[in-house]
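# Descriptive analysis of the structure
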Amino acid sequence: MKIKLLILLCSAFVFLNACNQNPELKVETIRYEFKEPTQFPFEVNDVSTNIDLEAPDFLHQFIFHYRNIETTQQINYILSKVLEKPEKVSNDNMTEYKLENGVLAFYEEGETSQSLWWETEDGFLARYIYFINGNTTELGEYKLEIDELIKLANEVQ
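These numbers were taken from a predicted model, which means no experiment stands behind them.

### Some remarks on empty space enclosed by the protein
Per the counting criterion, the structure on display carries one cavity of 30 Å³ or more. Within this model, the largest cavity holds a volume of roughly 40 Å³. What lines the largest cavity is I30, I51, D52, L53, L59, H60, Q61 and F62. Elements supplying a minimum of two residues to the lining of the largest cavity: β1 (46-52) and β2 (59-67). Top contributing element to the lining of the largest cavity by residue count: β2, with four residues. When its residues are assigned to classes, the lining of the largest cavity shows five nonpolar, two polar and one charged.

### A short note on the sheet that holds strand β4 (residues 95-98)
Adjacent strands of a sheet form backbone hydrogen bonds with each other and so pair up, either parallel or antiparallel. Taken together, the seven strands give an open sheet; going across it, the order is β1-β2-β3-β7-β6-β5-β4, and neighbouring strands pair in antiparallel fashion. Each edge of the sheet is formed by a strand with only one pairing partner; in this case those strands are β1 and β4. Taken over all neighbouring pairs, the strand axes of this sheet differ in orientation by 20° on average, direction set aside. Across the sheet, helix α2 (residues 146-155) touches β3 (73-82), β4, β5 (104-109), β6 (113-119) and β7 (125-132), and the angle it forms with β6 is around 35°.

### Quick look at the packing of aromatic side chains
By the definition in use, this model includes 14 aromatic pairs. Between F40 and Y66, the aromatic rings sit 4.7 Å apart at their centres with planes inclined by 40°, giving tilted as the arrangement. One end of the pair, F40, is in the loop between α1 (2-21) and β1; the other, Y66, is in strand β2, and 26 residues separate them in sequence. Look at Y66 and you get buried, because its relative accessible area is 2%. An aromatic cluster is defined as three or more aromatic residues linked by ring pairs; in this entry it consists of Y32, F34, F62, F64, Y77, W118, F124 and Y128.

### Thoughts on the pairing of β1
In this sheet, β2 lies alongside β1 in antiparallel orientation, the contact comprising seven bridges. Each residue of the ladder has a partner; that of D52, found in β2, is Q61. The turn linking β1 back onto β2 is made up of six residues.

### A few points about a nonpolar patch on the surface
On the surface, a nonpolar cluster with roughly 280 Å² of combined accessible area is contributed by I30, I51 and L53. Within the secondary structure, I30 is located in the loop between α1 and β1. Since its relative accessible area comes to 36%, I30 is described here as partly exposed.

### Considering the side chain of H60
Considering the arrangement of structural elements, one finds H60 in strand β2. Within polar-contact distance, the side chain of H60 engages the side chain of Y32 at 2.8 Å. Side-chain polar atoms of H60 contact the backbone oxygen of P56, separated by 2.8 Å.

Criteria and thresholds
In this numbering scheme, every chain counts its residues from 1 along its sequence in written order. Note on the predicted model: pLDDT of at least 70 is required for a residue's local features to be given, and 80 or more for side-chain atom pairs to be given and counted; whole-chain, interface and lining totals, by contrast, use all residues. Calculation of side-chain values draws on the structure's entire complement of heavy atoms; hydrogens and water are dropped beforehand. In this analysis a 1.4 Å probe is tested at points of a 1 Å grid over the protein atoms alone, and where it fits but cannot get out there is a cavity; an open set with protein on both sides within 12 Å along at least five of seven lines is a pocket; lining residues have an atom within 4 Å of a point. Grid points are joined across faces, edges and corners, and a volume is the space filled by probe spheres set on the points. By the criteria applied, helices consist of DSSP H or I runs no shorter than four residues and strands consist of E runs no shorter than two, each listed in order from the N terminus. Any residue that is not Ala, Val, Leu, Ile, Met, Phe, Trp, Tyr, Cys, Pro, Asp, Glu, Lys or Arg is counted as polar, Gly included; the first ten are nonpolar and the last four charged. Any two strands are treated as partners once DSSP identifies two or more bridges connecting them. Where helices are involved, their axes are fitted lines through C-alpha atoms of the stretch in contact, as for all axes, and angles between N-to-C directions lie from 0 to 180°. Any two residues whose heavy atoms approach within 4.5 Å at even a single point are treated as in contact. Two aromatic rings, drawn from Phe, Tyr or Trp (for Trp, its six-membered ring), form a pair once their centres lie within 6.5 Å of each other, and the interplanar angle then sorts them: stacked below 30 degrees, edge-to-face above 60, tilted otherwise. Buried residues are those whose accessible area, probed at 1.4 Å on protein chains only, stays under 20% of the maximum for their type, while exposed residues exceed 50% and partly exposed ones sit between those limits. In this scheme, patches are assembled from residues that exceed 30% relative accessible area and form no salt bridge. Like charges are connected within 9 Å, while nonpolar side chains (Val, Leu, Ile, Met, Phe, Trp, Tyr) are connected within 5 Å. Note on areas: Shrake-Rupley, 1.4 Å probe, and residue coverage restricted to the protein chains presented here. One speaks of a salt bridge when a side-chain nitrogen belonging to Lys or Arg is within 4 Å of a carboxyl oxygen belonging to Asp or Glu. Contacts described as polar in this section are N or O atom pairs within 3.5 Å, which, within protein, must combine one atom able to donate a hydrogen with one able to accept it, while residues neighboring in sequence count only if both atoms come from side chains.

Set out below in structure tokens:
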């Protein structure tokens, strides 16, 4: 236990020392609060989250994964914000729907996936991407009704 504490203290000292020697190094707090869906159109038994920190001065992206391990059904709830130039939904070949709060959402369907895209009040481009078997299999009987995706979007508004 003492070794772990010593390693932690040494690491903190090295980090703080590097910050003092390099005034260009900046540490910023990135804080957002997101509502997550709770009512899914299939049983969810595996949940994980990814935060993209590769370019924090350019892109903030959060990906929530909701999956059923047995059926391989998965919905990814993705929120992304390009800081310099906000993203807009490219609604070409998409069907338009209106969410409960009046925001326009755009639906797209392929053989292996379904997606619903919309812009949030705080400047994020939000989307649900639904697929099965790692997006390698046609949806077939697992295809969702558009109302199920819209219900999920309304839940996080």
